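One-letter residues, chain by chain:
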Amino acid sequence: MMRCTWILAVLLCATPTARAQEEDHGRNAPAVLRMLQPHTAPLADSVATVLSNDAPVALATVVDSKGLLVTKASELVGLLSCSFGDGRTLPARIVAQDAGFDLALIAVEAKDLVPIRWDAADLAVGRVVASSGAAGRPLALGIVGVAPKTVLGGRGRLGVVLSFESQGAVVARVNADTAADAAGVQIGDRILAVDGVPVATRREATDAIRKRRAGESLRLTLGRGDEMVLAKLSLGRGSRERRARRSELQGEQSSVRAGFPSAFQHDTALLPEQCGGPVVDLRGRAVGLNIARAGRVATYAIPGSRVQALVEGLREGH
Amino acid sequence: MISLLACLVLALAHPAAHDTPPELEDLARFQARVESVLEAASPATVGVRVGGTSGSGVLVSSDGLVLTAAHVIGGAGRTARVFLADGRELEAETLGGNGMRDSGMLRIKNVSGLPFVSVPAPHELEPGSWCVATGHPGGYVEDRPPVARLGRILDTSGLFLKTDCPVIGGDSGGPLFDLEGNLIGIHSRIEEDVASNYHVPMTTYRLGWKRMLAGEEWTRSDAKLGVRRTVDSATGVWIGEILDGRSAAVAGLRPSDILRRINGEPVRSLRQLRWLLSDLRPGDEIEVTFLRARETRRCALTLSGPLAPTGDDK
């Protein structure tokens, strides 16, 4: 009885004020964000919100005044537009993509955007960083937890179900929105070889594909009727339904959150739709681009120097 | 800590954009402190594997004594593997701990010259102070050094220290530091909210040190001060009644004394007093700091055991 009363008393009198106090004391308290403001504010005209069918799915960072931005490729589905700090919302289209980094170059009809200048600053562990939201609003503070390195992907997935009735590897189903779907694999196709190495059975085909990680590219030799078809594809992370976006303790995560050739890990708590924007250091330099929220303790960002090289590559290739 | 907060507040008071704004200077100092904490913290942070459990720990002596969480070691006398920040894998043996407070120890076998951090003397922790965590989220991974994270202290009044420094499974047992580089906690548990992370405060390691070293495992204690009718206050625990012949009476404490510290560990509530006593045993001699008529005094006190029939004293 005593104990019950005591707990109740604590709940009644302590909870609301304790909450408010904790928010004031938190790492992203209003006072902290106000301090970061001067460092992200100069990016006001360089960060836009990407809308997919009018819902925000990512941020995009301006890389060319004539309407080019970079953003997170895997979030781009449906009708795309970019909403800018000055109130404009412009239709956007995908120009080029890098599957490994999950980076996309998108274009809008504009001539007066303010491109960001990427910085090749040293990203040592402990470096304090701020993530910019749309219109240069500081989202949150963090520190570099792991210096840039390869973030290995999970097991690569083709996105097909193979027939159990056949000795060979015969496609019985192609899941929507997967690597196989994108490469035009069809029901009834027989997988004859993986990267030129012949596979005779269902087991051999699965073994050959399972060894590969998400993001890796693959050549499939398919038998379709009397024809032989070559399919080039980049292994995915499985169908959308398969990817759990949320687990209780990990929180909201990006669907594509691994398999990056180079990324640094920081501890800034972002929402998946806050990826695609720049990370600045305490001198206001754009040292990276947030590419994935990967659980409770990790956000991955591509180092600034890599983003610059990737953007140049994507523009040339286009 | 307090000075850093002062910096933040000062910086906010000068939002004007000069060539070198004052807040930038302060943030640069902040940056330097975080990096200097990690310089010492990272090499002393280890990965721990006991049976099927993966956790973290922190070296507190050059000859391989590691502080961790009780739920990581799962009992004394077990074989453990320890993964140093430099990639070495060493064999260790688990020692004791307080299961209720989740404090535990282990010792790496036959080793010397390891990097370590010291366990600081008792000091006050203020909500709002910044802190830095290291550990191995998801368990030790080869080629990945201990992962650094930042946060602030949210609550110091509970059984655990609460921060918004994000940790997750595998970090358990890893260290939390203030920006002076003091070891202030060991990661223990989390709630769904990313801002609800709980760390074992250092009090339990300081008070239970010898018992842990000796491989003792415990969750509670019969140790009593021999006081009753207490009231929590901002300055400490106000004592209403002193029980005849019990330890507080023998030590010379009087009604209306305000209990402030036990062995230097601050006491602000009866709950905290109980948690501190959980690491001590009847017969232990402790130093009590108390306030009498606004004057701070100290005395030695030998803890009593339970009161025989209806003992509801503390």
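Check the entry above for the structure.
Now for a look at the structure at hand. Just so you know, these numbers come straight off a predicted model, no measurement behind them.

Here the focus is the interface of chain B and chain A. With 41 residues of chain B at the interface, the matching set in chain A holds 36 residues. Between chain B and chain A lies a buried interface of about 3,200 Å² when both sides are counted; carbon and sulfur atoms form 65% of it. Where chain B touches chain A, the interface holds one salt bridge. Where chain B touches chain A, the interface holds 15 residue pairs in polar contact (both at pLDDT 80 or more). At the level of elements, α1 (2–13), α2 (22–44) and β8 (149–155) of chain B are the ones that each hand at least two residues to the side of chain B that touches chain A. Looking at the side of chain B that touches chain A, the element that brings in the most residues is α2 of chain B, giving eight residues. A per-class count over the side of chain B that touches chain A returns 22 nonpolar, five polar and 14 charged.

Here we come to helix α4 (residues 202–210) of chain A. All names here are of chain A. Among all positions of α4, only Ala205, Ala208 and Ile209 are buried. Looking down the long axis of α4, one finds its buried residues gathered within 95° of arc, a one-sided arrangement. Its buried side turned inward, α4 meets β9 (160–162), β10 (169–174), β11 (190–194) and β13 (217–224).

Take the environment of threonine 204 of chain B next. Residues and elements named next belong to chain B. Within the secondary structure, threonine 204 sits in helix α4 (residues 203–213). For the pair formed by threonine 204 and serine 129, sequence separation is 75 residues and the distance between their alpha carbons is 21 Å. With residues up to four places along the chain from it excluded, the contact list for threonine 204 reads Asn98, Arg101, Ser103, Trp209, Met212 and Asp279. Of note is the side chain of threonine 204, whose polar atom sits 2.8 Å from the side chain of serine 103. Side-chain polar atoms of threonine 204 contact the side chain of aspartate 279, separated by 3.0 Å.

A word on the packing of aromatic side chains. Applying the stated criterion across every chain yields a total of three aromatic pairs over all chains. The interplanar angle of 65° and the centroid separation of 6.2 Å between the aromatic rings of phenylalanine 260 of chain A and tyrosine 300 of chain A together place this pair among those described as edge-to-face. One end of the pair, phenylalanine 260 of chain A, is in strand β17 (residues 260–266); the other, tyrosine 300 of chain A, is in strand β20 (residues 299–303), with 40 residues separating them in the sequence. On the accessibility criterion, tyrosine 300 of chain A (15% relative accessible area) is buried. Taken together, a centroid distance of 5.0 Å and an interplanar angle of 70° make the contact between phenylalanine 30 of chain B and tryptophan 130 of chain B edge-to-face. With phenylalanine 30 of chain B in helix α2 and tryptophan 130 of chain B in strand β7 (residues 130–133), this pair connects stretches of sequence that are 100 residues apart.

Now for the sheet that holds strand β5 (residues 89–98) of chain A. Residues and elements named next belong to chain A. The strand order around the closed barrel formed by six strands is β1-β2-β3-β6-β5-β4, and the pairing between neighbours is antiparallel. Averaged over all neighbouring strand pairs, the angle between strand axes comes to 40°, with direction disregarded. Here strand β4 (residues 80–83) runs beside β5; their pairing, made up of three bridges, is antiparallel. Across the sheet, residue cysteine 82 finds its bridge partner in β5, namely leucine 90.

What follows deals with the pattern of salt bridges. Oppositely charged side chains can pair when the atoms bearing their charge come close. Residues and elements named next belong to chain B. A full pass over the atoms with the stated rule returns 30 salt bridges over all chains. Note that glutamate 89 is salt-bridged to arginine 81, the shortest N-O span being 2.8 Å. Of the residues examined, glutamate 89 reaches a relative accessible area of 42% and is grouped as partly exposed. In this structure arginine 81 comes out as partly exposed when scored by relative accessible area, which is 31%.

Turning our eyes to something else, we now look at the state of the cysteines. What we call a disulfide is simply a covalent bond connecting the sulfur atoms of a pair of cysteines. Under the definition given, this model contains zero disulfides over all chains. Looking at the unpaired cysteine 82 of chain A, the closest cysteine sulfur is the one in cysteine 275 of chain A, lying at 16 Å. For cysteine 82 of chain A, a relative accessible area of 0% puts it in the buried group. No disulfide involves cysteine 165 of chain B; its sulfur sits 4.6 Å from that of cysteine 131 of chain B, the nearest cysteine.

Residues and elements named next belong to chain B. Read once around its circumference, the closed barrel built from six strands follows the order β7-β8-β9-β12-β11-β10, with strand pairing classed as antiparallel. Averaged over all neighbouring strand pairs, the angle between strand axes comes to 45°, with direction disregarded. Note that strand β11 (residues 183–190) and strand β12 (residues 197–201) share five bridges and pair antiparallel. Looking at β12, one finds that arginine 189 is bridged to tyrosine 198. Strands β11 and β12 of the sheet are contacted by α4, whose axis makes an angle of about 35° with β12.

Moving on to the nonpolar core. Counting 94 residues, the largest nonpolar core has Leu105 of chain A together with Val34, Val58, Leu67 and Ile108 of chain B as the members making the most contacts within it. In terms of residue count, the dominant contributor to this core is α2 of chain B (seven residues). With 23 residues, the next largest nonpolar core counts Leu225, Ile242, Val288 and Cys299 of chain B among its residues.

Right, let's get into the environment of leucine 176 of chain B. All names here are of chain B. Inspection of the secondary structure assignment puts leucine 176 in strand β10 (residues 175–178). The exposure class assigned to leucine 176 is buried, which follows from its relative accessible area of 0%. The spatial distance from the C-alpha of leucine 176 to the C-alpha of histidine 199 is 7.7 Å, given a sequence separation of 23 residues. Contacts of leucine 176, omitting those with residues within four sequence positions, involve Cys131, Val132, Ala133, Leu161, Thr163, Cys165, Asn182, Leu183, Ile184, Gly185, His187 and His199.

A few words now on helix α5 (residues 304–317) of chain A. All names here are of chain A. With 14 residues, α5 should cover 20 Å at 1.5 Å per step; its first-to-last C-alpha distance of 20 Å lies within 8% of that length. Restricting attention to buried positions, one finds in α5 the residues Gly304, Val307, Leu310, Val311 and Leu314. All buried residues of α5 lie within an arc of 120° about the axis, which places them on one face of the element. Seen from the open side of α5, the exposed residues pointing more than 90 degrees away from its buried face are Glu316 and Gly317. Tucked inside the fold, the buried residues of α5 contact β2 (55–64), β3 (68–72), β5, β6 (103–108), β19 (286–293) and β20.

About the thresholds
Residues numbered from 1 in each chain as written. Chains lettered and ligands numbered in written order. Predicted model: local features only at pLDDT ≥ 70, side-chain atom pairs only at ≥ 80, totals over all residues. Heavy atoms only, no water. Contact = heavy atoms within 4.5 Å. Buried area = accessible area lost by both parts, 1.4 Å probe. Salt bridge = Lys/Arg side-chain N within 4 Å of Asp/Glu carboxyl O. Polar contact = N/O pair within 3.5 Å; in protein donor to acceptor, adjacent residues only side chain to side chain. Helix = DSSP H or I, 4+ residues; strand = E, 2+ residues; numbered from the N terminus. Nonpolar A, V, L, I, M, F, W, Y, C, P; charged D, E, K, R; others polar. Buried < 20%, exposed > 50% of the residue type's maximum accessible area, 1.4 Å probe, protein only. Arc of directions from axis to C-beta. Phe/Tyr/Trp six-rings, centres within 6.5 Å; stacked < 30°, edge-to-face > 60°. Pairing = 2+ DSSP bridges. Axes fitted to C-alpha atoms, helices over the stretch in contact; angles between N-to-C directions. Disulfide = S-S within 2.5 Å. Core = buried A, V, L, I, M, F, W, Y, C linked by side-chain atoms within 4.5 Å. Expected span 1.5 Å × (residues − 1).

Honestly, that's just the spatial picture; any functional story needs more than this.
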